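One letter stands for each residue in the lines below.
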Amino acid sequence: MADRARRWVPPLVAVVLVLAAWQVFTVLSGVDRWLLPSPADIVAAGVADHASLARHTVATVRLTLIGFTAGVGTGLLVAVVLHVVPVLRAAVYPLLVVSQNIPTIALAPLLVVWLGFGILPKIIVIVLVCFFPVAVATLDGLSRTDPVTTNYLRMSGADRRQLFTKLEFPNALPSVFSGLKIAATYSVFGAIISEWLGSDQGIGRYMIIQKSAFRADRMFVSIAIVVLISLLVFGAVALLERILVRGRPKRT
Amino acid sequence: MADPSALEIGGVAKSFGSLHVVEDVSLRVGKGEFVSIVGPSGGGKSTLFHIVGGLLTPDRGTVTIDGHDAVGRRGLIGYMPQQPALLPWRTVEDNIVLAREIAGEPRRASRELARRWLARAGLDGFADAYPHTLSGGMQQRASFLRALLSDHEVLLLDEPFSALDAILRTDMHRWLLDIWEENRRSILFITHNVEEALLLSSTVYVLTARPARVLERVEVPFPRPRPDELVDEPEFVRLRRRLTHLLKNDARHAI
Ligand SMILES: Nc1ncnc2c1ncn2[C@@H]1O[C@H](COP(=O)(O)OP(=O)(O)O)[C@@H](O)[C@H]1O
Ligand SMILES: [Mg+2]
């Protein structure tokens, strides 16, 4: 416990110091408050508009979670299918790796053209950005099973399903989670961008409105909320990892 | 044949592409017998186990377990691989019931059995520990228990003690013999250590360098239980010298 406190204290102190310096700077420098609001101004703006912010935040969180779940589900499913059908894997895996270098987010405007402004194109955008890291990390993990242990299980009579559930999948879990952590951050980012492109609700939508109104204070509020949502989704994944990944992986 | 052997291998051969690994190996393990295979490293001993375990199909020859054809059939033996190969995310107890779990045995009974055997292996306090917190010798014992608990008559032990230092190895020999004398399973034991083979077994098969053939079959005459001092007796020293000589000569031919 004391150890964990010791790890958390320095970064917290750093954040508090930066905020304090920011506050002092805005007060002393006489910079235009509408351009660079002080932390206190930002908090005040958030409190004043809390009802509308809450509504937009809920919409974004909902979109993020639906997209993240769908993206992770697709990624895991595709990885497992490719893993158990080696021919498919040989054909598709290189393409998956290459496609990781393509900014899939660039497809978002096209999806809006095709599917309109509803929730579906937004979910697809998030699925697209989450899918690749999860699929590639899972496939990687599944293929890194220790051959001696595989032989042991097979000689002990394990069938294909047992080999997967008792050895390959648990062995791949640390790798799966590194994919999930990337996907967690990407999913929030995908949600905000798809809301920018066309939506009647969500923090992304709120940002667009505040941009037209030149409300820097409200922009800062939305940025803070986006950061918080990201940290929460990431934190949930990290917590799940601590619960599910036990012992020590043989290789890291 | 009234009482079939626990395990019989007849004229087995195996090549990987152009690499001839096993040329012609026949051997027999009677019920409750402790049999060792001695041979140089890289000589095809582990490959022979993979064949007996049904992981590989031999190019030629037969494998018979308890009187039944076992070529290519998996799940008929208890196996301890050359490395402990414990699952790092499972506790020691969950690891040693793995083979029973695969066979579909009820969980409760397996766990009770596991607890009892962990105590016998000096691992009482470690049921809920993860393998990486165990020493090398403890991991080997856990791996052995996993094979023992599989409940198969035939146990295949692949160089279980080769990674241990001499003192620890002597302790493990004592431990293994105690357990074996108590419940007399049929053991086929691989080693490249002649003294270890003579100390533990009733029959020793000396194999050639790759491709493996049986160079000689040696009956070990010493009664059991065998004391630690056995290694200094003239008859033991004579046998050890003879087997070492056989292996050396074969190595010279191979070069
Ligand atoms: N699946 C395999 N494919 C190709 N070569 C193999 C395979 N398994 C073992 N070998 C080769 O067979 C030879 C004998 O190996 P092994 O049976 O492990 O010897 P030992 O256990 O006596 O040290 C080695 O040269 C090894 O590289
Ligand atoms: Mg070997």
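Above this note sits the structure.
A few points on the structure. Everything quoted here is computed from the prediction, not taken from an experiment.

### Structural notes on the overall build of chain B
Right, on to step 1. Counting its secondary structure elements, chain B contains 8 helices and 10 strands.
Right, on to step 2. If you line up chain B on its principal axes, its C-alpha atoms span 50 × 40 × 40 Å.
Right, on to step 3. When burial is assessed residue by residue, chain B has 56% of its 255 residues classed as buried.
Right, on to step 4. Pairs at least 24 residues apart make up 69% of the contacts formed inside chain B by residues separated by at least 6 positions.

### Examining the nonpolar core
Right, on to step 1. Core analysis: the biggest nonpolar cluster contains 40 residues, and A:Leu153, B:Leu7, B:Leu27, B:Leu48, B:Leu156 and B:Leu188 have the highest contact counts within it.
Right, on to step 2. Ranked by residue count, the leading element in this core is strand 2 (residues 19–29) of chain B, at 5 residues.
Right, on to step 3. Shared between two domains, this core takes at least three residues from each, and those domains are domain 1 (7–77 + 153–254) and domain 2 (84–151) of chain B.
Right, on to step 4. Residues A:Ala45, A:Ile123, A:Ala184 and A:Ile193 belong to the second largest nonpolar core, which totals 38 residues.

### Digging into a nonpolar patch on the surface
All names here are of chain A.
Right, on to step 1. Together, Leu-77, Val-81, Val-84, Val-85, Val-87 and Leu-88 give the surface a local cluster of nonpolar side chains, amounting to about 500 Å² of exposed area.
Right, on to step 2. Mapped by element, the contributors of at least two residues to the nonpolar patch are helix 3 (50–84) and helix 4 (86–99).
Right, on to step 3. Tallying contributions element by element places helix 3 first for the nonpolar patch, with 3 residues.
Right, on to step 4. On the secondary structure map, Val-87 appears in helix 4.
Right, on to step 5. On the basis of relative accessibility, which here comes to 67%, the residue Val-87 falls in the exposed class.

### Concerning the layout of surface pockets
All names here are of chain A.
Right, on to step 1. Empty space within the second largest pocket amounts to approximately 330 Å³.
Right, on to step 2. Looking at the second largest pocket, the residues that line it are Leu-19, Trp-22, Pro-39, Ile-42, Val-43, Gly-46, Phe-220, Val-221, Ile-223, Ala-224 and Leu-228.
Right, on to step 3. Secondary-structure elements contributing two or more residues to the lining of the second largest pocket are helix 1 (2–29), helix 2 (39–48) and helix 10 (216–244).
Right, on to step 4. With 5 residues, helix 10 is the single largest residue contributor to the lining of the second largest pocket.
Right, on to step 5. For the lining of the second largest pocket, a count of residues per class yields 10 nonpolar, 1 polar and no charged.

### Some thoughts on the site of ligand 1
Residues and elements named next belong to chain B.
Right, on to step 1. Taken together, Phe-16, Leu-19, Val-21, Pro-40, Ser-41, Gly-42, Gly-43, Gly-44, Lys-45, Ser-46, Thr-47 and Arg-210 form the complete shell of residues around ligand 1.
Right, on to step 2. With respect to ligand 1, the side chain of Thr-47 contributes an N or O atom lying 2.6 Å from an oxygen atom.
Right, on to step 3. Protein contacts shield 61% of the accessible area of ligand 1, which totals 560 Å² for the unbound molecule.
Right, on to step 4. The set of elements that each furnish at least two residues to the shell around ligand 1 consists of strand 2 and helix 1 (45–52).
Right, on to step 5. Here the residues of the shell around ligand 1 are counted per class, giving 4 nonpolar, 6 polar and 2 charged.

### Let's talk about the pattern of salt bridges
Residue and element names in this part refer to chain B.
Right, on to step 1. Summed over the entire model, instances satisfying the criterion amount to 25 salt bridges over all chains.
Right, on to step 2. Here Arg-90 ties to Glu-101 by a salt bridge, and the two come within 2.9 Å at their closest N and O atoms. Taken as a pair, Arg-90 in the loop between strand 6 (78–80) and helix 2 (92–96) and Glu-101 in helix 3 (residues 98–102) lie far apart in primary sequence, 11 residues in all. Each member of the pair, Arg-90 as well as Glu-101, is classed as buried.
Right, on to step 3. Asp-228 serves as the salt-bridge partner of Arg-174, at 2.8 Å between the closest nitrogen and oxygen. In this pair, Arg-174 is assigned in helix 6 (residues 166–183) and Asp-228 in the loop between strand 10 (212–219) and helix 8 (234–254), connecting sequence segments 54 residues apart.
Right, on to step 4. Connected via shared salt-bridge partners are Glu-93, Asp-94, Arg-111, Arg-115 and Asp-128.

### Things to note about the pairing of strand 4 (residues 60–65) of chain B
All names here are of chain B.
Right, on to step 1. Judged from the 5 bridges that link them, strand 1 (residues 7–16) and strand 4 form a sheet pairing that is antiparallel. Counterpart to Gly-10 in the pairing with strand 4 is Thr-62.
Right, on to step 2. Examined bridge by bridge, strand 4 and strand 5 (residues 68–69) share 2 bridges and lie antiparallel to one another. Bridge pairing in strand 5 links Ile-65 to His-68.
Right, on to step 3. Hairpin connection, strand 4 to strand 5: the antiparallel pair is bridged by 2 residues, and Asp-66 has positive phi, about 50 degrees.

### As for the coordination of the magnesium ion (ligand 2)
Right, on to step 1. Donor atoms from the polypeptide that bind the magnesium ion (ligand 2) are B:Ser46 (OG) and B:Gln82 (OE1), placed at 2.1 to 2.5 Å. Taken together, the residues span a long stretch of sequence, with B:Ser46 in helix 1 and B:Gln82 in the loop between strand 6 and helix 2 at a distance of 36 residues.

What counts, and at which threshold
- Residues numbered from 1 in each chain as written.
- Chains lettered and ligands numbered in written order.
- Predicted model: local features only at pLDDT ≥ 70, side-chain atom pairs only at ≥ 80, totals over all residues.
- Heavy atoms only, no water.
- Helix = DSSP H or I, 4+ residues; strand = E, 2+ residues; numbered from the N terminus.
- Buried < 20%, exposed > 50% of the residue type's maximum accessible area, 1.4 Å probe, protein only.
- Contact = heavy atoms within 4.5 Å.
- Core = buried A, V, L, I, M, F, W, Y, C linked by side-chain atoms within 4.5 Å.
- Domains from an automatic or database assignment.
- Patch = residues over 30% accessible without salt bridge, like charges linked within 9 Å, V, L, I, M, F, W, Y side chains within 5 Å.
- Areas by Shrake-Rupley, 256 points an atom, 1.4 Å probe, with all protein chains shown as cover.
- Salt bridge = Lys/Arg side-chain N within 4 Å of Asp/Glu carboxyl O.
- 1 Å grid on protein atoms, 1.4 Å probe; cavity = no way out; pocket = protein on both sides within 12 Å on 5 of 7 lines; lining within 4 Å.
- Points joined across faces, edges and corners; volume = space filled by probe spheres on them.
- Nonpolar A, V, L, I, M, F, W, Y, C, P; charged D, E, K, R; others polar.
- Near = heavy atom within 4 Å.
- Polar contact = N/O pair within 3.5 Å; in protein donor to acceptor, adjacent residues only side chain to side chain.
- Pairing = 2+ DSSP bridges.
- Donors = N, O, S within 2.8 Å, 3.2 Å for Na, K, Ca; no water.

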